[in-house]
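Structure at a glance
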Amino acid sequence: MTASLASVELESLEYSRELEAYRAQYDQDSTSASIAVVAAMADILGADPLELDRLYDAVDTDALDKLGQVQGTPNGAVDISFTFEGYAITLSSDGVMAISPPAHERTGVRETGATNE
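None of these values were measured; they are calculated from a predicted model.

Structural notes on the pattern of salt bridges
All chains considered together, the criterion is met by one salt bridge. Put simply, Asp57 and Arg54 hold a salt bridge, and the shortest N to O gap is 2.8 Å. Both residues of the pair, Asp57 and Arg54, count as exposed.

Rendered as structure tokens:
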């Protein structure tokens, strides 16, 4: 992994009430995909990253990290979708992730450091 959790800053993390999902973006040159996912989830949940479930129990983190190495394909970006901490996550090879809360939480999203659209 290219960055420690303590030094990770996402480029953006916003919640869209219309989509009922978070949208996060990270710098693929300085942050691995797996670290970005953990950082986003820690921010959304207001938790210490070390308190979260192990990401590698939800998805192959080596494969996830290689996603950032995939540059434009003829059909556009490559996406990987999985569930982590009960949230549906879709991570794109362009450094953007969509994070959907569990259905029972969508109408009452917690206050986080994320900004609302």
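What about the nonpolar core?
Grouped together as the largest cluster of nonpolar side chains are 26 residues, with contacts concentrated most on Val37, Met41, Met97 and Ile99. Secondary structure elements with two or more residues in this core: β1 (12-16), β2 (21-25), α1 (33-45), β3 (79-84), β4 (87-92) and β5 (96-100). In terms of residue count, α1 provides more of this core than any other element does, nine residues in total. Leave out the neighbours within four places in its chain, and Val37 touches Leu55, Leu64, Phe82, Phe84, Ile89, Leu91 and Met97.

Conventions used here
- Residues numbered from 1 in each chain as written.
- Predicted model: local features only at pLDDT ≥ 70, side-chain atom pairs only at ≥ 80, totals over all residues.
- Heavy atoms only, no water.
- Salt bridge = Lys/Arg side-chain N within 4 Å of Asp/Glu carboxyl O.
- Buried < 20%, exposed > 50% of the residue type's maximum accessible area, 1.4 Å probe, protein only.
- Core = buried A, V, L, I, M, F, W, Y, C linked by side-chain atoms within 4.5 Å.
- Helix = DSSP H or I, 4+ residues; strand = E, 2+ residues; numbered from the N terminus.
- Contact = heavy atoms within 4.5 Å.

In short, geometric facts, not functional conclusions.
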